[in-house]
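What the coordinates show
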Amino acid sequence: MLDLTFAEMARGLAAGEFKSVELVRGLLARIERLDPEINSFVTVTRDQALERAEAADAQRARGEAGVLAGMPLALKDIFCTEGVRTTAGSKMLGNFVAPYSATVVEKLAATGTVSLGKTNMDEFAMGSSNENSHFGPVKNPWDHSLVPGGSSGGSAAAVAAGLVPAAMGTDTGGSIRQPAAFCGITGLKPTYGRVSRYGIIAYASSLDQAGPMARSAEDCALLLNAIAGHDPRDSTSVSRVVPDYTRDLDAPLDGLKIGLPTEYFGDGLDPGVEAAVRDAVKVYESLGARVVEVSLPHTDLAIPTYYVIAPAEASSNLSRYDGVRFGHRCANPLDLEDLYKRSRAEGFGEEVKRRILIGTHTLSEGFFDAYYRKAQQVRRLIRQDFLDAFDKVDVLMGPAAPTPAFALGAQSDPVSMYLQDIYTIAINLAGIPGISVPAGFVGNRPVGLQILAPHFAEAHLLNVAHAFQKVTDWHQRRPVQD
Amino acid sequence: MAIEHADVLRAAHLARLGLDNADADRYVDDLTRILNMVDRLREVDTEGVAPLAHPLDATQPLRADEVTEPDRRDVYQRCAPAVSEGLYLVPRVVE
Amino acid sequence: MQWETVIGLEVHVQLATRSKIFSGASTAFGAEPNTQACAVDLGLPGVLPVLNENAVAMALRFGLAIDAEIPEVSVFERKNYFYPDLPKGYQTSQMAQPIVGRGTVEILLEDGSRKAIRIHHAHLEEDAGKSLHEDFIGMSGIDLNRAGTPLLEIVSEPDMRSAKEASAYLRAIHTLVTYLGISDGNMAEGSMRCDVNVSVRPKGQAAFGTRAEIKNVNSFRFVERAIAFEVERQIDLLEEGGKVVQETRLFDPEADETRSMRTKEEANDYRYFPCPDLLPLMLDSAYVDHQRSLLPELPSAKRERFIEQLGLSTYDADILASDRDTAEYFEQVMAVCDDPKLAANWVQGDLSARLNRAGLSIGESPVGAEQLGGLLKRIKDETINGKAAKQVFSDLWERRFENADQVIEIKGLKQVTDSGALAQVIDQVIEANPVQVTQYREATEEKRGKMLGFFVGQVMKASRGTANPQQVNALLKQKLDALC
């Protein structure tokens, strides 16, 4: 019962095969047993979870339960959760008990889901390996010497290890899709604006987007139904009708036109990853899809563009951590300057400081036009690549990451770490949705197939991913634990 | 564009990040490599391309002018490092 | 050498919205510290701004009132700097694309002449909180109630040439924003604050001198004093062969001087960039037209109408139109009594004097416009004379009666215009004052005129002030002259 997919578990609850309290107890026991090693949780909210599970069971007994009532899940520790410590993986917020809840958290709570706790992450979502957490690195459940990917590494590892059937993540440059790929699970980054950002601790506001991480596309569809929609508290959220994302999951793929971007199969792509991705594409051909090669000519500019825009926004977003109203404050500040400088120097980790410095430098007088304005212009060109491609094809496919999971401590150079996100970053710059689905292995290391669709075409994206999962079992594979 | 020791110190000051000289040296190194990577943007012809600030071509929604937020000072100040009489305390501000 | 002063003003006007510019917290003045600072105002992790429609509407109406260019798109940017009263470490403001473009404000100088001051632009931004320096064991206390209150910053061109012009400009802005109802204009509570850019240059020179920016000059009087001090300082400096440095200075009203805060070298690098949490603000023409339809009659139009249609003097029109409450009061009085000049005289004369003495604004006047109008109506139709009118006004002021007619009725102040009754009173007065009558008879024509006053006084006294003075004059003269 604990190893079912999120959707299967929900059906089991509805059918009365088991109770929410049983699920939650079982999963909490697993967390207790396995997580000291994996380190996927920063905070486990045991008592609240059991309480909510009981309430959900009672609701179900009265016949008032919705589809997701009593369903266990976890939240990346970037979602503010009222009354629960919310750290963003940072010493800065090590003692921050959020006084309010993110819209996503409220929406999930309204459907009756039960959060088991807050998952580990790269500090302020900056990183691709989860090694930048103040609360220690997370281990990949498939091989504890490997990273789980990042920044939503705790969420990915928790799902892969079977500690929760689903977890919420956020994705600014690949932070849902890359760890999903590394951990062999399914992770969806919706269109920018589809899900409210209110209450999600900001990294780069024009790129951040929350999404579900679970076993299957069907799981993601159920969760997207719960969290999508306009939020009057988020000016950038979109007031567009939210369809039922489960409705078209089984639609046939007849005539589907798949584009393979030439640039996503070039130098630096691991041959094992390439082989797995090309095999996956063949599965689609067998399902009736047509495959053509397309070009996204500005692909190689995505990382440089991102490393101007994201640090610039971050440098400003992170100015609020000044030791005055919340967060870490240095001991015995001499004066105001000292309060600011020491609180921030002590509270932020290396990678966060690096990005604050880069962002501050590129926005400063004399550099703005050469860096920030230029990057915004190139951002338009990158988005146009995708708009042009989607004139020719329905979806794009390629690898989610250039390699499978690498060893903990293997990437010590920041720039080579940044290159991890080469296939995911442009998607955030363009704002389109993308999903990573398990598509095989290189040795014991999972490979993720990334599928991309036009703005707001999540329903179609999930339909395409689900069709693959109906005829393959990669998403059902589990690492052996203990 | 090269970045120098003084640039790093200046950025650190603007960002109010305490940095000693050794830290700054290390960051000169890291930031130089990052900026070298970023410098590829300079070769791109962007003549006549409008900057893109948001991925969607949406416009700002407006909120009705209504008071919707009650006083929650006590809750908000529970996570504050230093308060007195409802005020946040900081080392004396000199003008 | 002859020097010329060049002044430009940045006026920050707090907009009179109920809630803040980016949050639903109240903007009311004077609440307990931090009780009106919500999650968004505090910049808690994860919060996001949503723009207040009314702040946009008010800024737009200001733009329309000064006939400014209204761009179709405006953009919010972040101005980044650290200060304890600035919770997020940046102020959300506008820079490259403000909501209001170029426009003009007309100012009225003391000699009655007018001058057009060009407005460079006006933009929306959020106010900061306040640092309180009372002793918290060597600490400052931060109150963020004010943080997020909408501000309209109105930036003029350097078009003013004297301290008087600068304060006249500030007055014109004050008049305009209170007319528009977009601010209460209360300078004591900080609803209007002003930064002054001052430079001097040799008369005739085209290039501007180096300017100093004087921060937070918060009254009409301080504007004049700060400028006067600063101009003198700069001229002294230049005449001694020194140089003015570009810097920010603070006006100290106690010491009556400005002093240096920071020079340009130490100036902040604000790293403006478009706020990624807010989208471009689009104002379509229907919305702009709707806001235009909400504009009240503006002070300049009102003044013209007072002169052209009501026949008021330029002086009267200027004063009455310069304040919306006064103008509205005047117009109500006039509507009742139907005599613009009489209404103007009373509003600016007796009423204004009495209000000043009591320290009241016209909105707080114990004598309402209806009441004053009713009183003036009785002067105009000669029911009462001027002297009785003052008594009625006093009674209304003391709130002893509901309206003028009631006072007149109860106190019997109705003017006696019945010439038979009046003739009787005059005869009694003549009979009772034989000595004066003799003197009158023996006096020259010239002297008689002056002596007539004595008899008029006696008659008025005998009639308890109800006689019509013109009528008394005429009848008296007739009767006395008949005795000669």
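This structure is a prediction, so every number in the text was calculated from the model and none was measured. (Residues numbered from 1 in each chain as written. Chains lettered and ligands numbered in written order. Predicted model: local features only at pLDDT ≥ 70, side-chain atom pairs only at ≥ 80, totals over all residues. Heavy atoms only, no water.)

Residues and elements named next belong to chain A. By secondary structure assignment, the location of Ile451 is in strand 11 (residues 445-452). Spatially, the C-alpha atoms of Ile451 and Leu260 are 9.9 Å apart, while their sequence positions differ by 191 residues. Every residue in contact with Ile451, bar those within four places of it in the chain, is listed here: Tyr284, Val395, Leu396, Met397, Pro433, Gly434, Ile435, Val437, Leu461, Val464 and Ala465. (Helix = DSSP H or I, 4+ residues; strand = E, 2+ residues; numbered from the N terminus. Contact = heavy atoms within 4.5 Å.)

Moving on, we get to the packing of aromatic side chains. The geometry of an aromatic ring pair is captured by the separation of the ring centres together with the interplanar angle, meaning the angle of the planes. Residues and elements named next belong to chain C. As enumerated under the stated definition, the model contains 26 aromatic pairs over all chains in all. Ring centres of Phe222 and Phe251 lie 5.6 Å apart, and the angle between their planes is 55°; on these two criteria the pair is classed as tilted. Taken together, the residues span a long stretch of sequence, with Phe222 in helix 4 (residues 220-239) and Phe251 in strand 13 (residues 247-252) at a distance of 29 residues. Against the face of Tyr270 rests Lys79, its NZ or CZ located 4.5 Å from the ring centre. (Phe/Tyr/Trp six-rings, centres within 6.5 Å; stacked < 30°, edge-to-face > 60°. Lys NZ or Arg CZ within 6 Å of the ring centre and 35° of its normal.)

All names here are of chain C. Here we have 3 strands laid out as an open sheet, ordered 5-4-15, and antiparallel in their pairing. The open sheet has two free edges, formed respectively by strand 5 (90-93) and strand 15 (273-274), since each of these has just one partner strand. Pairing of strand 4 (residues 77-80) with strand 15 involves 2 bridges; the strand directions are antiparallel. Within the sheet, the bridge partner assigned to Arg78 lies in strand 15 and is Phe273. (Pairing = 2+ DSSP bridges.)

Moving on: the interface of chain A and chain B. Note on interface size: it is often stated as the accessible area lost on association of the parts. With 67 residues of chain A at the contact, the number on the chain B side is 54 residues. Taken together, the two surfaces of chain A and chain B that pack against each other cover about 5,400 Å², and 67% of this comes from carbon and sulfur. When the area that chain A buries against chain B is broken down by residue, the three leading residues are A:Leu357, A:Tyr371 and A:Arg380, summing to 12%. The partner of A:Arg233 in a salt bridge is B:Glu69, and the shortest N-O contact between them spans 3.5 Å. Counting across the chain A and chain B interface gives 24 residue pairs in polar contact (both at pLDDT 80 or more). Of all the secondary structure elements, the ones that give two or more residues to the side of chain A that touches chain B are helix 9 (302-317), helix 10 (336-347), helix 11 (350-363), helix 12 (368-392), helix 13 (414-418) and helix 14 (425-430) of chain A. In terms of residue count, the dominant contributor to the side of chain A that touches chain B is helix 12 of chain A (12 residues). Class assignment of the residues belonging to the side of chain A that touches chain B gives a composition of 34 nonpolar, 15 polar and 18 charged. (Buried area = accessible area lost by both parts, 1.4 Å probe. Salt bridge = Lys/Arg side-chain N within 4 Å of Asp/Glu carboxyl O. Polar contact = N/O pair within 3.5 Å; in protein donor to acceptor, adjacent residues only side chain to side chain. Nonpolar A, V, L, I, M, F, W, Y, C, P; charged D, E, K, R; others polar.)

Residue and element names in this part refer to chain A. In contact at an axis separation of 7 Å, helix 9 and helix 11 are set at 100° when each is read in the N-to-C sense. It follows that helix 9 is roughly perpendicular to helix 11 by the angle criterion. Here helix 9 contributes Tyr306, Tyr307, Val308, Pro311, Ala312 and Ser315 to the contact with helix 11, which in turn contributes Arg355, Ile356, Ile358, Gly359, Thr360, Thr362 and Leu363. Split by residue class, the contact of helix 9 with helix 11 holds 8 nonpolar, 4 polar and 1 charged. (Axes fitted to C-alpha atoms, helices over the stretch in contact; angles between N-to-C directions. Parallel < 35°, antiparallel > 145°, perpendicular 65-115°, else oblique.)

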